[in-house]
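Residues per chain, in single letters:
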Amino acid sequence: MSATLTETPRTGRAPGPRLLRGLNWLVVRQHRAALLTVLAVMVLGSIWIAYQRGRMSQTLEAAGWPEKELAQPTFASTGLSLTVTALSALPVILAVFLGAPLIAGDQEHGTAQLVSTQSVSRRRWLAAKLVWCYAAVLVSGAVLSAFFTWWWKPYRSVFPSLWPDGPVFDNTGPVLPALCLFLTAAGITIGMLLRRVLASMLVTFVFAAIVEVVWGEMRVLLAPSRMLTYPLDGDMPARLNESHELDRWIGSADGHLYGWGLCAKTTEAASDACIKEHGIVNNVIEYLGYDQMPSMQWTGAGILLAATAALTAFTLWRVSRNPL
């Protein structure tokens with residue numbers, strides 16, 4: 001008996017409907033290894049963070065914390081150090097291994113030229129690649145950031161890093177996914193311009209390292225600083241317990257400020273004489289408060305997302321105007 005086109009295949013099962021069709025199916029199939037790797041990193045990283053959080057909780061509970069103060073004010077472990085290092089490296093890894101080869105790989109191997117022979121426009125082809133790439137980066141960064149925030153917030157007083165430091169500020173809240181998106185977009189743009197995978201990965205790595213340095217200097221500029229004055233011999237106000245000190249001075253009653261070390265003399269008598277001579281009566285602290293952290297993070301994330309949008313727009317414009 002001859003088979004017809006509508007006959008069920010020999011497996012006895014009719015082919016099920018595909019979740020993805022057309023261009024989306026092609027893009028996901030082409031980059032399935034990278035997408036699955038990012039998904040695996042997200043899942044395994046989340047499990048690891050949950051495990052390390054449980055270990056820290058048990059250790060602190062056994063030590064009687066928080067009712068009983070720890071012998072050491074900070075908690076350090078190999079698991080915590082490894083977690084912070086991996087999260088800090090995640091944006092760079094995504095930029096180098098996912099962003100840089102995304103278009104450069106197709107250009108180097110000649111497969112990008114096939115786009116011009118298909119019914120799909122170059123802009124639509126690139127948009128589909130960017131959507132899937134950005135979605136993987138955004139979801140993985142957001143999930144890992146949420147898990148690390150869940151770990152850090154209740155135990156922040158015993159963490160070795162303070163809230164304005166990179167290991168905390170960049171890996172909690174919206175900053176981590178925004179930083180991942182920006183560096184990935186930068187890697188894609190660099191790859192499109194250089195057209196060679198290895199060169200693109202190298203330049204992207206250097207660019208990401210420079211961004212990390214610049215970003216570290218920008219953190220304290222993301223919110224206006226505050227000033228606090230209290231008596232020279234008074235106790236430090238409680239509001240400064242979780243603050244980040246930017247600078248400090250000593251001041252006279254008329255508001256004139258002097259450097260902190262002005263009256264740091266070799267003897268107490270000399271110091272007292274200096275204080276009396278200049279009329280020093282106050283300590284003056286310039287600081288950032290812990291309550292400013294969310295607004296600083298969202299401001300920083302907004303800057304990174306705006307830069308991501310600009311790079312994406314440039315990439316789409318360039319691909320639509322110039323041959324691949």
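As a starting point, this report considers the structure included with it.

Criteria and cut-off values
Residues numbered from 1 in each chain as written. Predicted model: local features only at pLDDT ≥ 70, side-chain atom pairs only at ≥ 80, totals over all residues. Heavy atoms only, no water. Helix = DSSP H or I, 4+ residues; strand = E, 2+ residues; numbered from the N terminus. Buried < 20%, exposed > 50% of the residue type's maximum accessible area, 1.4 Å probe, protein only. Contact = heavy atoms within 4.5 Å. Areas by Shrake-Rupley, 256 points an atom, 1.4 Å probe, with all protein chains shown as cover. Salt bridge = Lys/Arg side-chain N within 4 Å of Asp/Glu carboxyl O. Expected span 1.5 Å × (residues − 1). Arc of directions from axis to C-beta.

So, the overall build of the protein
Here comes step 1: Secondary structure summary: the protein contains 9 helices and 4 strands in total.
Here comes step 2: In the protein, the succession of helices and strands from N to C terminus is α-α-α-α-α-α-α-β-β-β-α-β-α.
Here comes step 3: Within the protein, buried positions represent 40% of all 324 residues.
Here comes step 4: Considering only contacts in the protein between residues 6 or more positions apart, those separated by 24 or more positions represent 81%.
Here comes step 5: When the accessible surface of the protein is totalled, it reaches about 18,400 Å², and 62% of it is carbon and sulfur.

Things to note about unusual backbone geometry
A negative phi holds for most residues other than glycine; trans holds for most peptide bonds.
Here comes step 1: Of note in this structure, Arg195 is not a glycine but carries a positive phi near 65 degrees.
Here comes step 2: Inspection of the secondary structure assignment puts Arg195 in the loop between α6 (175-194) and α7 (197-218).
Here comes step 3: Looking at Arg195, the relative accessible area reads 29%, which means it is partly exposed.

Details of the pattern of salt bridges
Proximity of charged atoms lets side chains of opposite charge pair with each other.
Here comes step 1: All told, the structure shown has 4 salt bridges when counted by the stated rule.
Here comes step 2: Between Arg156 and Glu242 there is a salt bridge whose closest N-O contact spans 2.6 Å. Within this pair, whereas Arg156 is found in the loop between α4 (122-152) and α5 (166-169), its partner Glu242 is found in the loop between β1 (226-231) and β2 (244-252), the two being separated by 86 residues in sequence.
Here comes step 3: A relative accessible area of 34% places Glu242 in the partly exposed class.
Here comes step 4: In this structure, Asp291 engages Arg226 in a salt bridge whose closest nitrogen and oxygen atoms are separated by 2.9 Å. Of this pair, Asp291 sits in the loop between β4 (280-288) and α9 (293-321) while Arg226 is found in strand β1, placing the two residues 65 residues apart along the sequence.

Considerations on α7
Here comes step 1: Spanning 22 residues, α7 covers 31 Å between terminal C-alpha atoms, matching the ideal 32 Å at 1.5 Å per step.
Here comes step 2: For α7, the set of buried residues is Val197, Ser200, Met201, Thr204, Ala208, Val211 and Trp215. Down the axis of α7, the buried set is contained in an arc of 90 degrees. They therefore lie on one face. Away from its buried face by more than 90 degrees, α7 exposes Leu198, Leu202, Val213 and Glu217.
Here comes step 3: Residues of α7 that are buried sit in contact with α3 (78-109), α5, α6 and α9.

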